[in-house]
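Tertiary structure, described
Read off the chains here:
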Amino acid sequence: MNTIHGLAQLVESDISRPICTIGFFDGFHRGHASLLVDLLQWSEELQGTSTVITFSTHPKQVVEGMAPAVLTPLERKLELLDAAGVDTVVILPFDEQLSRWSPERFIDEVLTGALGCAHLLMGFDSAFGAGAQGTSEYVGSLEDLALELRTSPPLLMEGEAVSSSAVRKYLEKGDLTRARRLLGRSFSLRGKVIYGDRRGHTIGFPTANLDPGPVLVPPVGVYLGCVSILGETEPANLDDSAGLWPAAINIGRRPTFGTPEAPEGTPFDPHLDRLEAHLDGFEGDLYGIVIEVELHRRL
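Overview of the structure. Sequence positions are assigned chain by chain, starting from 1 and proceeding in written order. The predicted origin of the model limits local features to residues at a pLDDT of at least 70 and limits the giving and counting of side-chain atom pairs to 80 or more, whereas totals for whole chains, interfaces and linings rest on all residues. Heavy atoms throughout the structure, all of them, feed into the side-chain values; hydrogens and water do not.

**Observations regarding the overall build of the chain**
- Along the chain, the regular secondary structure elements total nine helices and 16 strands.
- Just to be clear, the radius of gyration here is over C-alpha atoms, and the globule rule we use is 2.2 Å times residues to the power 0.38. Taken against the 2.2 N^0.38 rule, which gives 19 Å for 299 residues, the C-alpha radius of gyration of the chain at 21 Å falls within 12% of a compact globule.
- Referenced to the eigenvectors of the C-alpha coordinate spread, the extents of the chain come out at roughly 70 × 35 × 35 Å.
- Each accessible area is a Shrake-Rupley result for a 1.4 Å probe, and residues are judged covered by the shown protein chains and nothing else. For the chain, the accessible surface area stands at approximately 14700 Å², while carbon and sulfur atoms represent 50% of it. To qualify as a helix, a DSSP run of H or I must reach at least 4 residues; to qualify as a strand, a run of E must reach at least 2; elements of each kind are numbered from the N terminus.

Pasting the structure below:
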């Protein structure tokens, strides 16, 4: 997959007949996957280049000063887009200047200008431009639009449109089953193993303390899942995989060791809470190693 960073690099790129879609793709759920199926089919019809335009920062962080916790870090998102078969991803830095661009300016300077795009696929709830004005309805109403516009319908599951906000809602409740249905895979957290209090070794249950970074973490509780040992680099090298281990995962403040107890279901607090995984049967040192923790269900 070809990855382009920023508008300057995009201007210098030569993409053959780009068939484009735009979005933040947080969580990369089944709705996103359905949209990309439509994008790939259209690209095949036109013998073009399937092209995803996304952003390095959640737009709400710039526009509102605060954004919901990210479900999928950028590097993981790129892995999922690559696995879906996307040809090219354009990553634009979402800053105050870009947030003030009208939909028309975004079309002129990015889509038809820098990209030379003549075919745009939009999701049912996607929008771009200042004030999220550039919905598919608005773009379709523009006179002399130099784009062929198509809209991908919502993917419904149990009568609910699959969306990042719906996935986030279930994860914040600790409902991993419903979140998995919308994602099409188990929710996971990836990061380096960091030093904890190292008390687990003294009681015969060594644990891996994960630093998940600035992403959404489900609420306090004990979970069943599994752990993949990925490698010594971040982003992880998937070729370095050392197997999949069943695991018990504790998210919380470890009241056994004197920290005030947080009731089950309390939102994760990165300043107080830990994410600790006990790998069943594993022996060895994981400090500094990148692991991925899949959460299957809360006990």
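Back to the write-up after that little detour.
**Observations concerning the layout of surface pockets**
- Only protein atoms enter the 1 Å grid used here, on which a cavity is any set of points holding a 1.4 Å probe that cannot leave and a pocket is any open set flanked by protein within 12 Å on both sides along at least five of seven lines; residues with an atom within 4 Å of a point are listed as lining. Grid points are joined across faces, edges and corners, and a volume is the space filled by probe spheres set on the points. Reported here for the largest pocket is a volume of approximately 1000 Å³.
- Every residue lining the largest pocket is counted, 40 residues in all, and those nearest its centre are Gly-23, Phe-24, Asp-125, Ser-126 and Ala-127.
- At the level of secondary structure, the elements contributing two or more residues to the lining of the largest pocket comprise α2 (30-46), α3 (59-63), α5 (96-99), β6 (127-128) and α8 (164-172).
- Sorting elements by how many residues they give to the lining of the largest pocket places α2 first, with four residues.

**Concerning the packing of aromatic side chains**
- Classification of ring pairs uses Phe, Tyr and Trp, with its six-membered ring standing for Trp, and accepts pairs whose centres are within 6.5 Å; under 30 degrees between planes counts as stacked, over 60 as edge-to-face, and the remaining range as tilted. Applying the stated criterion across every chain yields a total of four aromatic pairs.
- The interplanar angle of 85° and the centroid separation of 5.5 Å between the aromatic rings of Phe-55 and Phe-94 together place this pair among those described as edge-to-face. Separated by 39 residues along the polypeptide, Phe-55 in strand β3 (residues 49-55) and Phe-94 in the loop between β4 (88-92) and α5 bring together distant segments of the chain.
- Buried, partly exposed and exposed residues are distinguished by accessible area as a fraction of the type maximum, computed with a 1.4 Å probe on protein chains only: under 20%, between the cut-offs, and over 50%, respectively. Assessed through its relative accessible area of 8%, Phe-55 is described here as buried.
- Judged by its relative accessible area of 14%, Phe-94 falls in the buried class.
- Pairing Phe-106 with Phe-128 gives two aromatic rings, centres 5.2 Å apart and planes at 45°, and the pair type is tilted. Of this pair, Phe-106 sits in helix α6 (residues 103-115) while Phe-128 sits in strand β6, placing them 22 residues apart in sequence. Considered together, Phe-106 and Phe-128 belong to a single accessibility category, that of buried residues.
- Residue placement shows Lys-77 over the ring face of Phe-24; its charged tip is 3.7 Å from the ring centre. Throughout this description, the term charge over a ring refers to an Arg CZ or Lys NZ atom that lies within 6 Å of the ring centre and within 35 degrees of the ring normal.

**Here we look at helix α9 (residues 176-183)**
- Taken together, the buried positions of α9 are Leu-176, Ala-179, Leu-182 and Leu-183. Projected onto a plane normal to the axis of α9, the buried residues spread over an arc of 125° and lie on a single side.
- In this analysis, two residues are considered to be in contact whenever any of their non-hydrogen atoms come within 4.5 Å of each other. Contacts from the buried residues of α9 go to α2, β9 (156-157), α8, β11 (187-194), β13 (221-231) and β16 (290-298).
- Downstream of α9 by one or two residues, Gly-184 has phi in the positive range, about 85°. Our arc is simply the arc of the directions from the helix axis toward the C-beta atoms.

**A few points about the pairing of strand β2 (residues 18-22)**
- With five of five residues buried, β2 is to be regarded as a mostly interior element.
- Neither face of β2 is left uncovered, since the one carrying Pro-18, Cys-20 and Ile-22 and the one carrying Ile-19 and Thr-21 both have all their residues buried.
- Summarising the sheet, β2 and β3 pair through five bridges and their orientation is parallel. Its bridge partner lying in β3, Ile-22 is registered against Ile-53.
- Looking down the strands as they point away from the viewer, one classifies a crossover as right-handed if the path from the first strand across the helix to the second runs clockwise. Following the backbone out of β2, through α2 and into the adjacent parallel β3, one traces a crossover that is right-handed.
- Two strands pair if DSSP finds at least two bridges between them. Relative to strand β5 (residues 119-123), β2 is paired through three bridges, and the arrangement is parallel. Along β5, the bridge assignment pairs Ile-19 with His-119.

By themselves, these figures tell us nothing about what the structure is for.
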